[in-house]
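# Structural overview for review
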Amino acid sequence: MPRDTLTQEQIVRTAVELLDDEGLEGLNMRSLGKRLGAAATAVYWHVKNKDDLVLLAADRVWQELELPELDAGDWRETATVTADRLHAMLVRHPWLVQAIGSHLLYGTGEARYDDHLLGVFETAGFTPQEADRAAGALVTYVLGNALGTSAVASLTRKLRRAGEDAEGMLSQTLAKAAEVAEPFPRLRERLGTSAAAEYGEAPDGSYAAGLRALLDGLRPRGTDTAPGTARTAGDASR
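Just so you know, these numbers come straight off a predicted model, no measurement behind them.

## What to know about the overall build of the protein chain
- Scanning the protein chain from terminus to terminus reveals twelve helices and zero strands.
- The N-to-C order of helical and strand elements in the protein chain reads α-α-α-α-α-α-α-α-α-α-α-α.
- Long-range contacts, defined here as pairs at least 24 residues apart, represent 69% of the contacts in the protein chain between residues at least 6 apart.

## Describing the nonpolar core
- The biggest cluster of nonpolar side chains holds 52 residues, and the ones touching the most others in it are Leu32, Leu96, Phe121 and Leu138.
- For this core, the element with the highest residue contribution is helix α8 (residues 128–161), accounting for eight residues.
- Residues contacting phenylalanine 121, with those up to four places away along its chain left out, are Trp75, Ala79, Phe126, Ala131, Ala134, Ala135, Leu138 and Leu218.

## Observations concerning the packing of aromatic side chains
- According to the stated counting rule, one finds five aromatic pairs in the structure shown.
- Between the aromatic rings of tryptophan 62 and tyrosine 113, the centroid separation amounts to 5.5 Å while the plane-to-plane angle is 55°, which identifies the pairing as tilted. Pair noted here: tryptophan 62 is in helix α4 (residues 50–62) and tyrosine 113 is in helix α7 (residues 108–123), with a separation of 51 residues, a long-range link.
- Look at tryptophan 62 and you get buried, because its relative accessible area is 5%.
- The class for tyrosine 113 is buried, based on a relative accessible area of 0%.
- Consider the rings of tyrosine 141 and tyrosine 207, whose centres lie 5.8 Å apart with planes at 25°: the pair is stacked.

## Some thoughts on the side chain of threonine 82
- Within the element layout of this structure, threonine 82 appears in helix α5 (residues 75–92).
- The residues contacting threonine 82, other than those within four sequence positions of it, are Pro68, Tyr113, His116, Leu117 and Val120.

## Some points on the packing of α4 against helix α6 (residues 95–102)
- Here α4 crosses α6 at 130°, and the two axes come no closer than 11 Å. For the element pair α4 / α6, the angle class is oblique. Like other packed secondary-structure pairs, α4 and α6 cross with a definite hand, here left-handed. Counting all contacts with α4, which are made through Val54, Ala57, Ala58, Val61 and Trp62, the residues of α6 involved are Trp95, Leu96 and Ala99.
- For the contact of α4 with α6, the class distribution of residues is eight nonpolar, no polar and no charged.

## With respect to the pattern of salt bridges
- Taken as a whole and judged by the stated rule, the model has five salt bridges.
- For arginine 35, the salt bridge is made with aspartate 21, and the minimal N-O distance between the two is 2.9 Å. Of this pair, arginine 35 sits in helix α2 (residues 29–36) while aspartate 21 sits in helix α1 (residues 8–22), and the two are 14 residues apart along the sequence.
- By relative accessible area, aspartate 21 is classed as partly exposed at 41%.
- Linking arginine 76 and aspartate 216 is a salt bridge whose minimum nitrogen-to-oxygen distance equals 3.9 Å. Within this pair, whereas arginine 76 is found in helix α5, its partner aspartate 216 is found in helix α11 (residues 206–216), the two being separated by 140 residues in sequence.
- We classify arginine 76 as partly exposed; its relative accessible area is 21%.

## With respect to the environment of alanine 151
- Its place among the elements puts alanine 151 in helix α8.
- Taking C-alpha positions, alanine 151 is 8.5 Å from glutamine 98, a pair spaced 53 residues apart along the chain.

## Focus: the environment of alanine 134
- By secondary structure assignment, the location of alanine 134 is in helix α8.
- Linking alanine 134 and leucine 214, residues 80 residues apart in sequence, is a C-alpha distance of 9.1 Å.

## Some thoughts on α5
- Under the 1.5 Å per step criterion, the end-to-end length of α5 is 26 Å for 18 residues, consistent within 8% with the ideal 26 Å.
- Among all positions in α5, only Trp75, Thr78, Ala79, Thr82, Ala83, Leu86, His87, Met89 and Leu90 are buried.
- In this fold, the buried residues of α5 make contact with α4, α6, α7, α8 and α11.

## Considerations on a negative patch on the surface
- On the surface, Asp71, Asp74, Glu77 and Asp84 cluster together into a negatively charged patch.
- Along the chain, aspartate 71 turns up in the loop between α4 and α5.

## Details of the side chain of histidine 93
- On the secondary structure map, histidine 93 appears in the loop between α5 and α6.
- Apart from residues no more than four positions distant in its own chain, histidine 93 is found in contact with Val16, Asp20, Val61 and Glu64.

Procedures and definitions
- Residues numbered from 1 in each chain as written.
- Predicted model: local features only at pLDDT ≥ 70, side-chain atom pairs only at ≥ 80, totals over all residues.
- Heavy atoms only, no water.
- Helix = DSSP H or I, 4+ residues; strand = E, 2+ residues; numbered from the N terminus.
- Contact = heavy atoms within 4.5 Å.
- Core = buried A, V, L, I, M, F, W, Y, C linked by side-chain atoms within 4.5 Å.
- Buried < 20%, exposed > 50% of the residue type's maximum accessible area, 1.4 Å probe, protein only.
- Phe/Tyr/Trp six-rings, centres within 6.5 Å; stacked < 30°, edge-to-face > 60°.
- Axes fitted to C-alpha atoms, helices over the stretch in contact; angles between N-to-C directions.
- Parallel < 35°, antiparallel > 145°, perpendicular 65-115°, else oblique.
- Left-handed = near helix turned anticlockwise from the far one by under 90°.
- Nonpolar A, V, L, I, M, F, W, Y, C, P; charged D, E, K, R; others polar.
- Salt bridge = Lys/Arg side-chain N within 4 Å of Asp/Glu carboxyl O.
- Expected span 1.5 Å × (residues − 1).
- Patch = residues over 30% accessible without salt bridge, like charges linked within 9 Å, V, L, I, M, F, W, Y side chains within 5 Å.
- Areas by Shrake-Rupley, 256 points an atom, 1.4 Å probe, with all protein chains shown as cover.
- Lys, Arg positive; Asp, Glu negative; His and termini not counted.
- Charge placed at Lys NZ, Arg CZ, Asp CG, Glu CD.

Okay, here's the thing in structure tokens:
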């Protein structure tokens, strides 16, 4: 495909597909040009370099997020939906977690999400400073939960490129971890059961339970108790 028939939109869309398949380590102008049916040099007419391409690709996937309406009456549900959609996007594009840790990313997609998330809390009565802290805590929690998916995807690609059996290697590693855990009773119990192969994955419901606990611990100034917690006489006297 000649450079004058390429568009930046085509390039960024194809870059996202390549990143989803091969990760950050698999993104280069030659591979991208091959997918586009164009010379690598043609890509440079539309993007400056790989870092610029990652920036554009990241902004594109942030734009995928649908944002719920702000609702002061049920702000925890709104915050949950906002967090869940971010988590789902990061799982769809596990390379983005790596990119956040290795690139200086910015763009209208992320800015739109961040502004909306602040609005979730400010609409509920949080001060700007409280909203900053709450939004930071929520995004950090979601990123941390998506890190496992990103790491597994990266490791699987690395083993595949090396011609290794990824599933076999992970099984061997788990067996070695079980040996190391032998002196530690709680780990020994978990790694010694028939469910040991699933131990590296988060237990069912752990993401939702953790998010719920996080949001229950957040409340605007002047609200003394968490949801479902009765106030005591001592609390009322303060």
